[in-house]
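A look at the structure
Each chain, written out:
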Amino acid sequence: MKKGYYGQWGGAFVPEVLQATFDALNKAYETARADASFWQEYVDLMANYSCRPTPLTYAENLTRHFGGAKIYIKREDLNHTGAHKANNVMGQGLLVRRMGKKRVIAETGAGQHGVATATMAARFGFACTIYMGEEDVARQRPNVFWMEKLGATVVPVTDGSRTLKDAMNEAFRDWVTSMEDTHYVIGTVCGPHPFPEMVAWFQSIIGIEARRQILAQHGRMPDRVYACVGGGSNAMGIFQGFLEEPGVELVGVEAGGLGIDTGKHASRMVEGSGASAGVAQGYKTLFLQSPEGQMRDTHSIAAGLDYVGISPILSDLGEKGRVRFAAATDREVIEALSLAMRTEGLIPAMESAHAFVQAFKEAPTMSKDQAIIINMSGRGDKDIFTIAHAFDDPSWKAFIVKRAEEYR
Ligand SMILES: *Cc1c(COP(=O)(O)O)cnc(C)c1O
């Protein structure tokens, strides 16, 4: 198969001027990948900076609650900065240092990838510029605050709809003029080759650990593995530990938003989502787009899942039937989040709670000797504004009003 393609999906549709940069990146990545000491350096960095290996927690109370399959939870929430995004950015950071570059750029929608990238840049001593739609800058002040305090320059993008895709265009424009000393840190398993493959490689640390941990704790392979899917990086991370095990069912859970039939969702793989094949943002995948190729507006309660495209690797695995897809609605996500908090004392991120929804639907229908793993991609306590709003908590509102008055 052609390099960077997964079935009919993937590729590297990049402007001519960036070709040499991509060639150099491919070379650096291939060399690192073939060098066992690079991976060891990465594993050591993550162990000493980001709490790896993250635990696999047996959720005894949830298991009892549903009375079916044993439920295990992979704790990516315990990473530094609170999610699996740390794996990718720190891996790319090591590669940037190897390439001798001194500056990183990234685009971010909700700001989580921006915070992760700014953290990595601070640690490695790189200059850092984050592009963010003006609209998102206004909506995501806490993340912008942290990026700036971590030393990054946040550039509000005023083009177009002033959101993620405009920020992405701006980041590419920067890269074209700065590629000599700058690396563009893509945040998920999307974009032109080698990004999907490279990001999946860094995230495979989740699956390598989970496989070892489930064998140690359960004595054999799990029956099913659940992960939420935005771009697809946490899902690909854990799935890679089990891809070659035909007995392990892999389940990707997308953002069903207000319901697939309302059109207000961010699901590309479930029936009726309306996604179609297209080439955009440097690669070929299923996009939520109009027949003319205009990207559609997506909706999800979880900012991290609110994306028009999906990893070309997952488009392929879905098409082949190796990964089964489902969608969880905003309402179901809030219910699953409540249950996880009250029964296990865990606070999943809104994104991660999508995986919990589908696992909670299926666990009771499975037998007690079966086991499932839910990938808890991140923690929700940093999402307090969104979560408190979703719970419509009156005391929280009063608190916000009072704090606002103090600044008058
Ligand atoms: C960003 C994010 C996601 C979505 O990204 P993927 O690439 O699909 O993993 C999921 N969960 C959390 C907690 C995130 O921050």
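Predicted, not measured: the structure shown is a model, and the values here were computed from it. (Residues numbered from 1 in each chain as written. Predicted model: local features only at pLDDT ≥ 70, side-chain atom pairs only at ≥ 80, totals over all residues. Heavy atoms only, no water.)

Thoughts on the packing of helix α2 (residues 36–49) against helix α4 (residues 85–99)
- At a closest axis distance of 10 Å, the pairing of α2 and α4 adopts a crossing angle of 130 degrees. Overall, the two elements α2 and α4 adopt an arrangement that is oblique. Handedness of the crossing formed by α2 with α4: right-handed. For the pair formed by α2 and α4, the contact residues are S37, F38, E41, Y42, L45, M46 and Y49 on the first element and A86, N87, M90, G91, L94, L95, R97 and R98 on the second.
- Class assignment of the residues belonging to the contact of α2 with α4 gives a composition of 9 nonpolar, 3 polar and 3 charged. (Axes fitted to C-alpha atoms, helices over the stretch in contact; angles between N-to-C directions. Helix = DSSP H or I, 4+ residues; strand = E, 2+ residues; numbered from the N terminus. Parallel < 35°, antiparallel > 145°, perpendicular 65-115°, else oblique. Left-handed = near helix turned anticlockwise from the far one by under 90°. Contact = heavy atoms within 4.5 Å. Nonpolar A, V, L, I, M, F, W, Y, C, P; charged D, E, K, R; others polar.)

Looking at the site of the ligand
- In the vicinity of the ligand, 18 residues are found, and the nearest of them are K85, T188, G230, S233 and S377.
- Side-chain polar atom of T188 to an oxygen atom of the ligand: 2.6 Å apart, as the coordinates give it.
- Taking G230, its main chain carries an N or O atom lying 2.7 Å from an oxygen atom of the ligand.
- Contact with the protein chains covers 97% of the free accessible surface of the ligand, which is 380 Å².
- Looking at the shell around the ligand, its residues break down into 5 nonpolar, 11 polar and 2 charged.
- Counting only domains with at least three residues in the shell around the ligand, you end up with domain 1 (5–47 + 84–195) and domain 2 (52–82 + 204–391). (Near = heavy atom within 4 Å. Polar contact = N/O pair within 3.5 Å; in protein donor to acceptor, adjacent residues only side chain to side chain. Areas by Shrake-Rupley, 256 points an atom, 1.4 Å probe, with all protein chains shown as cover. Domains from an automatic or database assignment.)

Describing the nonpolar core
- Within the largest apolar cluster, 83 residues are counted, with the highest numbers of intra-cluster contacts made by I238, F239, F242 and L314.
- At 10 residues, the largest contribution of residues to this core is made by helix α9 (residues 195–218).
- Split by domain, this core shows at least three residues from each of two domains, domain 1 (5–47 + 84–195) and domain 2 (52–82 + 204–391).
- Discounting chain neighbours no more than four positions away, the residues touching F239 are V225, A227, L250, V251, G252, L314 and V323. (Core = buried A, V, L, I, M, F, W, Y, C linked by side-chain atoms within 4.5 Å. Buried < 20%, exposed > 50% of the residue type's maximum accessible area, 1.4 Å probe, protein only.)

Digging into the sheet that holds strand β14 (residues 371–376)
- Strand order in the open sheet formed by 6 strands is β3-β4-β14-β9-β10-β13, and the pairing between neighbours is mixed. Each end of this open sheet is capped by a strand with a single partner; those strands are β3 (56–58) and β13 (323–329). For this sheet, the mean inter-axis angle between neighbouring strands, taken without regard to orientation, is 25 degrees. (Pairing = 2+ DSSP bridges.)

A word on the pairing of strand β11 (residues 276–280)
- As paired strands, β11 and strand β12 (residues 283–287) are joined by 5 bridges and run antiparallel to one another. Among the inter-strand pairings, G278 is bridged to a residue of β12, identified as T285.
- Adjacent in sequence and paired antiparallel, β11 and β12 are bridged by 2 residues, among which Q281 carries a positive phi angle near 50 degrees.

Some remarks on the pattern of salt bridges
- Going through the model one piece at a time under the given rule, you end up with 27 salt bridges.
- Notably, a salt bridge pairs R33 with E197, separated by 4.0 Å at the nearest N-O pair. Residue R33 is located in helix α1 (residues 19–33), and its partner E197 is located in helix α9; the two are separated by 164 residues in the primary sequence.
- In the salt-bridge network here, residues are joined through shared partners; they are K3, E30, R33 and E197. (Salt bridge = Lys/Arg side-chain N within 4 Å of Asp/Glu carboxyl O.)

So, the pairing of strand β6 (residues 127–133)
- Along β6, 6 of the 7 residues are buried, which leaves the element largely enclosed by surrounding structure.
- Inspection of the sheet shows strand β5 (residues 103–107) paired to β6 by 5 bridges, in the parallel sense. Looking at the pairing, E107 lines up with Y131 of β6.
- Considered for its hand, the β-α-β crossover made up of β5, helix α5 (residues 112–124) and β6 is right-handed.
- Judged from the 5 bridges that link them, β6 and strand β7 (residues 153–157) form a sheet pairing that is parallel. Its bridge partner being in β7, G133 is matched across the sheet by V157. (Right-handed = clockwise from strand over helix to strand, strands pointing away.)

Quick notes on unusual backbone geometry
- Each neighbour pair has its own omega, and for R52 with P53 the value is -5 degrees, a cis peptide bond.
- Note on placement: P53 falls in the loop between α2 and β3.
- Each neighbour pair has its own omega, and for H193 with P194 the value is 15 degrees, a cis peptide bond.
- Its location among the elements puts P194 in the loop between β8 (182–184) and α9.
- Although it is not a glycine, T81 adopts a positive phi angle of roughly 70 degrees.
- The residue T81 is located in the loop between β4 (70–75) and α4 in this model.
- When its relative accessible area of 23% is taken as the criterion, T81 is described as partly exposed.

A short note on helix α11 (residues 312–319)
- Counting buried positions over the 8 residues of α11 gives 6, a clear majority of the element.
- Three or more residues of α11 are buried, namely P312, I313, L314, S315, D316 and L317.
- The N-terminus of α11 is capped by S311, whose side-chain oxygen sits 3.1 Å from the backbone nitrogen of I313.
- After α11 finishes, the residue G321 shows a positive phi value of roughly 85 degrees.

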